[in-house]
Amino acid sequence: MATGLRDKIEEVAGRYPNRRSAIMPALYLAQAEHAQLSGEVLLEVADILDVPEIWVYELATFYDMFHTEPVGTFHIQVCTNISCLLLEAEGIVAHLESRLGIERGDTTPDGLFTLSTAECLGSCDTAPVMQVNYAFHENLSERRIDEILENLRGAVGE
Amino acid sequence: MFDKVLLKNAEIPNAHGIGAYEAAGGYRALATVLHEYSPDELIQLVKDSNLRGRGGAGFPTGVKWGFVPKDPALEKYLCCNADESEPGTFKDRVIMEKDPHQMIEGMVIGAYAIGAQKAYIYIRGEYVLSIERTEAALKEAYRKGYLGERILGTDFNLEMFVHCGAGAYICGEETALLESVEGRRAQPKLKPPFPVVEGLYGCPTVINNVETLACLPHIVQRGAEWFRGIGPERSPGPKLYCLSGHVRKPGLYELPMGISLRELVEDHGGGPRSGGRIKAVIPGGVSAPMIPESGLDVAMDFDSLAAIDTMLGSAGVIVLDETACVVRVAKRITEFFNHESCGKCTPCREGLDWAVKILRRLEDGRGKHEDLDQLERLCGSIFGNSFCALGDGAAWALSAALKHFRDEFVRHIEDGRCPFH
Ligand SMILES: Cc1cc2nc3c(=O)[nH]c(=O)nc-3n(C[C@H](O)[C@H](O)[C@H](O)COP(=O)(O)O)c2cc1C
Ligand code: SF4
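Every chain is numbered independently, its residues counted from 1 as its sequence is written. Lettering of chains starts at A and numbering of ligands starts at 1, both following the order in which they are written. Since the coordinates come from a predicted model, pLDDT governs what is reported: local features require at least 70, and pairs of side-chain atoms require 80 or more to be given and counted, while whole-chain, interface and lining totals use all residues. Processing note: side-chain calculations cover all non-hydrogen atoms of the structure and skip hydrogens and water entirely.

## Topic: the site of ligand 2
Residue and element names in this part refer to chain B.
Then, number 1: Neighbouring ligand 2 are 13 residues; Cys342, Lys344, Cys345, Cys348 and Cys388 lie closest to it.
Then, number 2: In this structure, ligand 2 is accommodated by the largest cavity.
Then, number 3: Gly falls in the polar group here, along with every residue not listed as nonpolar (Ala, Val, Leu, Ile, Met, Phe, Trp, Tyr, Cys, Pro) or charged (Asp, Glu, Lys, Arg). Tallied by class, the residues present in the shell around ligand 2 amount to eight nonpolar, four polar and one charged. A single heavy atom is enough: if one lies within 4 Å of a molecule or strand, its residue is considered near that molecule or strand. Here the term cavity refers to a set of points on a 1 Å grid, laid over the protein atoms alone, in which a 1.4 Å probe fits but cannot get out; the term pocket refers to an open set having protein on both sides within 12 Å along at least five of seven lines, with lining residues being those that place an atom within 4 Å of a point. What decides whether a molecule sits in a cavity or pocket is whether more than half of its atoms lie within 2 Å of the grid points.

As structure tokens, then:
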């Protein structure tokens, strides 16, 4: 593992009176570097922070935004909570399922897209919304989705 | 016309930078506080303003601060609750994206009042722009001497950091939030001891919502009397209302506390979309029980909403028109709470799971009349027996749907299908 990660983790650890508090920020840093928090990565985080591995494992599995399983290059998360539901978010999810040829929760065989449903993303006035790797796409329609997917595929092709 | 207070900078280009904030009078309240107020005088000012917490519970902010032990030997913490995950809510996000210094200035003022030298801003992880803007604003504030050592030449020191959440609604509950900062799974803790006495790392800790803190510079600048004069005296101030759902002009509206819900939805929000008719409104995020159309003349403040068995909560106002299926909405809300239950106590963990199963079959038209009594019994055993307010809120929201729209549930059973889908 790059020494860069160790330095970054040490830097955030300085913000807290104890090292356990730095586990969450450290997991974010590790995830940015490795995309997926495998057992090996979790061990390394525990080692850098000098905390029991179980503490690290516990947080990596409790919080939804930490990925111990592989996710696609583009993680699409469609809000299906009330404000989006009222504006037909289910149709948006169904359209994505048919365009990507996968069901919610799955990843395309080429590893490009993972499709998830999400709880409220805090953009209810522009419903229906989704995030792609945490960038917002708002006021969605089937046509907007087709454009977004095309742009994402194009971005990888380049 | 009500002049905006909290959103007055939001439309200025680059309002999030410190230059724009200072040009609009930013950080002058902080200078006033540090040079002219003792911590006790500041607490008294906030008490006099009648400011009540915007995180949901409406607890008087000055009173909360007053509970913090005065012992200077004790380390103290201030935490800003920016976890904003209550469905239907997007106000704190707008403050952080458009005007993060307003929150930061409010936090420095709050930290001075309680004697905290360290503060954390707990921002939900999905809010990447809020995190980016807040981090950048913190750097600017340090550089300008509004944070760090000897702030504005006084002997007050304060360090402030961002702690990012990672996708768990329960982190918004204050004791769970503290657990999360301490690097543990976010599960609520028994109160008492209350965080003001024994909070982060066992030290006295005040937790306040972003919008609560953002009110502080204005109270200092314009006085307690001015603040108390906006809206109902016991529940006053400028208020951010998040309007969404079946409404013509969804958006974030800043208006006085206590305006009527009907005025908010019909005048400001332009009424229901495409000429439909309103069926019900959820006034304060999905934890707040829904109000049928006939109840819309209620005033949007803590006490008036509590009087009709619902709450202002996060002021996430969600409009349902006549095409909305209440059974489906109730099912989705209960699914949300079931998904976000931390699993610590049985009534919430098991009860919600059971309720979801029943609601799914009711929505599909496979329910029986006994199911409705069963749901009511479940709500009764969850409410009041849950460890934290997540379980209570879930049961309360579901009971209201059953109470006001029982006929819709019955139609699903009798028709054997959903009449709306
Ligand atoms: C399940 C649950 C979720 C909550 N979520 C939030 C939240 O996202 N933001 C918030 O400010 N308060 C939230 N609260 C309320 C906090 O526990 C706390 O009362 C509040 O942050 C105090 O700040 P205030 O006094 O300024 O309102 C939540 C409470 C519960 C029970
Ligand atoms: S009520 Fe639910 S969320 Fe709250 S402590 Fe119990 S299980 Fe956890």
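## Considerations on the layout of surface pockets
The gaps of empty space that remain are located by a probe, the size of a water molecule, rolled over the atoms.
Residues and elements named next belong to chain B.
Then, number 1: Grid points are joined across faces, edges and corners, and a volume is the space filled by probe spheres set on the points. Approximately 1400 Å³ is the volume found for the largest pocket.
Then, number 2: Along the walls of the largest pocket sit 48 residues, with Gly55, Gly56, Ala57, Gly172 and Glu173 positioned nearest its centre.
Then, number 3: Going through the elements one at a time, α5 (91–98), β4 (205–209) and α16 (389–404) are the ones with two or more residues in the lining of the largest pocket.
Then, number 4: Here a helix means four or more residues in a row that DSSP labels H or I, a strand means two or more in a row labelled E, and each is numbered from the N terminus. With five residues, α16 is the single largest residue contributor to the lining of the largest pocket.
Then, number 5: A breakdown of the residues in the lining of the largest pocket according to their chemical character gives 18 nonpolar, 18 polar and 12 charged.

## Considering the domain arrangement of chain A
Then, number 1: Bear in mind that the domain bounds are from an automatic or database domain assignment. Taken as a whole, chain A is organised into domain 1 (3–62) and domain 2 (74–155).
Then, number 2: Computed over C-alpha atoms, the centres of domain 1 of chain A and domain 2 of chain A are 30 Å apart.

## A few points about the interface of chain A and chain B
Then, number 1: Note on contacts: a residue pair is in contact if any heavy atoms of the two residues lie within 4.5 Å. Chain A puts 37 residues into the contact, and the matching count from chain B is 54 residues.
Then, number 2: Defined in terms of a 1.4 Å probe, buried area is the accessible area two parts forfeit on being brought together, summed over both. Across the chain A to chain B interface the summed buried area is about 3600 Å²; carbon plus sulfur atoms make up 58%.
Then, number 3: Any carboxyl oxygen of Asp or Glu that lies within 4 Å of a side-chain nitrogen of Lys or Arg is treated as forming a salt bridge with it. At the junction of chain A and chain B, the tally comes to two salt bridges.
Then, number 4: Where B:Arg332 meets A:Glu119, a salt bridge forms, and the shortest distance between an N and an O atom there is 2.8 Å.
Then, number 5: What qualifies as a polar contact is a pair of N or O atoms within 3.5 Å, subject to a donor-acceptor requirement within protein and to the restriction that residues adjacent in sequence count only when both atoms come from side chains. Remark: the boundary between chain A and chain B carries 19 residue pairs in polar contact (both at pLDDT 80 or more).
Then, number 6: Elements that contribute at least two residues to the side of chain A that touches chain B include exactly α2 (23–34), α4 (53–62) and α5 (82–86) of chain A.
Then, number 7: Here the side of chain A that touches chain B is built from residues that sort into 21 nonpolar, eight polar and eight charged.

## Some words on the side chain of B:His246
Then, number 1: Looking at the secondary structure, you find B:His246 in the loop between β5 (238–245) and β6 (251–256).
Then, number 2: Overall, the relative accessible area of 2% leaves B:His246 in the buried class.
Then, number 3: Here A:Leu86 takes part through its backbone oxygen, which lies 3.0 Å from a polar atom of the side chain of B:His246. Burial status follows relative accessibility: with a 1.4 Å probe on protein chains alone, a residue under 20% of its type maximum counts as buried, one over 50% as exposed, and anything between as partly exposed.

## Let's talk about the packing of helix α2 (residues 28–36) of chain B against helix α6 (residues 100–114) of chain B
Two packed helices can be described by the angle between their axes and the distance between those axes.
All names here are of chain B.
Then, number 1: Orientation is described by lines fitted to C-alpha atoms, with helices fitted over the stretch in contact, and by angles between N-to-C directions that extend from 0 to 180 degrees. Two elements in contact, α2 and α6, have axes separated by 9 Å at closest approach and are oriented at 10°. Relative to α6, α2 is oriented roughly parallel. Touching Arg28, Ala29, Leu30, Val33 and Leu34 of α2 are Glu105, Val108, Ile109 and Tyr112, all from α6.
Then, number 2: Of the residues belonging to the contact of α2 with α6, the class tally is seven nonpolar, no polar and two charged. Put simply, angles under 35 degrees are roughly parallel, angles over 145 are roughly antiparallel, angles from 65 to 115 are roughly perpendicular, and the rest are oblique.

## Side note on the packing of aromatic side chains
Then, number 1: Side-chain rings of Phe, Tyr and Trp, where Trp is taken by its six-membered ring, are said to pair if the distance between their centres is within 6.5 Å; with planes under 30 degrees apart they count as stacked, over 60 as edge-to-face, and otherwise as tilted. Summed over the entire model, instances satisfying the criterion amount to 17 aromatic pairs over all chains.
Then, number 2: Plain terms: the ring middles of B:Tyr112 and B:Phe156 are 5.4 Å apart, the flat faces sit at 80° to each other, and that makes the pair edge-to-face. One end of the pair, B:Tyr112, is in helix α6; the other, B:Phe156, is in the loop between α7 (128–143) and β3 (159–164), and 44 residues separate them in sequence. With respect to burial, B:Tyr112 and B:Phe156 carry one shared label: buried.
Then, number 3: Three or more aromatic residues joined by ring pairs form one cluster here, namely A:Tyr16, B:Tyr77, B:Tyr120, B:Phe161 and B:Tyr201.
Then, number 4: Over the aromatic face of A:Trp55 sits the side chain of A:Arg20, whose NZ or CZ is 3.8 Å from the ring centroid.
Then, number 5: Whether a charge sits over a ring depends on NZ of Lys or CZ of Arg being within 6 Å of the ring centre and within 35 degrees of the ring normal. Positioned over the ring face of A:Phe136 is B:Arg93, at 4.2 Å from the centre of the ring.

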